Amino acid sequence: MATRRGPRFKECRRLGVNTCGHPKALDRAKDPAFQKRHKESEYGRQLIEKQKVKAYYGIFEKQLRNYYDKAKIKKGQRTGDLLLITLECRLDNLVYRIGFANSIRMARQVVNHGHVLVNGKKVDIPSYLVKEGDVISLREKSQKIETFKTNFLGTARFNLPYIERDEEKLSGKLARMPLRAELPVEINDQLVIEYYSR
């Protein structure tokens, strides 16, 4: 299984946003060595926005292309909105948003290793799409792991209206489908769509 293993802080500085969620990710972003010295083209701006999507959600080019192809054939909603909302509902992303993991990479590993239950059933596929009303929890054995408890109880970094957290049961629920304006990502999705529409 392929995973993104590149240097996270370097990627954050290059993209200009904190995609990994670490408080020190952009500490050196204003150093002269990391300042852009040339005018960015339209294609360059589109490329940066597309790279941000991949970095925020920990996915590869082929996966993003597949999500885009599915989003563009659905009617009734903007393609860019639908693309980001679909990515937000991935299991690994929601495990991160709920607080079981302190990064998207850790969330992916937590899911792969079989620690996560969806509606009481084990799911070990990071790309699994969670539906409205689904409850995400840790299996009983995993609830005793101190790292998960510390992450869940100690850091409520995301206070999102579409996620309900139950601290007693160490679980979270996708209460409803998120709206584009509620997503905690700094992405110009229109430029992403333009990139793929070329």
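The structure reproduced in this document is the subject of the present report. Not measured: the values here are computed from a predicted model.

This part takes up the environment of Val-17. Structurally, the position occupied by Val-17 is in the loop between helix H1 (8-15) and helix H2 (42-57). Here Val-17 falls in the buried class, since its relative accessible area comes to 5%. Taking the C-alpha atoms as reference points, Val-17 and Ile-187, separated by 170 residues in sequence, lie 9.3 Å from one another.

To continue, consider the nonpolar core. Judged by nonpolar contacts, the single largest core of 51 residues is most densely connected at Val-53, Tyr-57, Leu-83, Leu-87, Leu-91, Val-95 and Ile-136. The contact partners of Val-95, leaving out residues within four places of it in the chain, are Phe-100, Ala-101, Ala-107, Val-110, Val-111, Val-116 and Ile-136.

What follows is about the packing of aromatic side chains. Per the counting criterion, the structure on display carries 4 aromatic pairs. Judged by centre distance (5.0 Å) and plane angle (25°), the ring pair of Tyr-68 and Tyr-196 falls under stacked. Taken together, the residues Tyr-68 in helix H3 (residues 61-72) and Tyr-196 in helix H8 (residues 189-197) connect sequence positions 128 residues apart. When its relative accessible area of 5% is taken as the criterion, Tyr-68 is described as buried. The exposure class of Tyr-196 is buried, given its relative accessible area of 5%. Judged by centre distance (5.2 Å) and plane angle (20°), the rings of Phe-100 and Phe-152 are stacked. Taken together, the residues span a long stretch of sequence, with Phe-100 in the loop between helix H5 (91-98) and helix H6 (104-112) and Phe-152 in helix H7 (residues 146-154) at a distance of 52 residues. For Phe-100, a relative accessible area of 0% corresponds to the buried category.

Two strands pair when backbone bridges link them, and strand S1 (residues 116-118) and strand S3 (residues 135-138) are joined in this way by 3 bridges, in the antiparallel orientation. Looking at the pairing, Leu-117 lines up with Ser-137 of S3. Where S3 meets strand S5 (residues 171-174), 3 bridges bridge the pair, whose relative direction is antiparallel. Bridge pairing in S5 links Ser-137 to Ser-171.

Scoring rules and cut-offs
Residues numbered from 1 in each chain as written. Predicted model: local features only at pLDDT ≥ 70, side-chain atom pairs only at ≥ 80, totals over all residues. Heavy atoms only, no water. Helix = DSSP H or I, 4+ residues; strand = E, 2+ residues; numbered from the N terminus. Buried < 20%, exposed > 50% of the residue type's maximum accessible area, 1.4 Å probe, protein only. Core = buried A, V, L, I, M, F, W, Y, C linked by side-chain atoms within 4.5 Å. Contact = heavy atoms within 4.5 Å. Phe/Tyr/Trp six-rings, centres within 6.5 Å; stacked < 30°, edge-to-face > 60°. Pairing = 2+ DSSP bridges.

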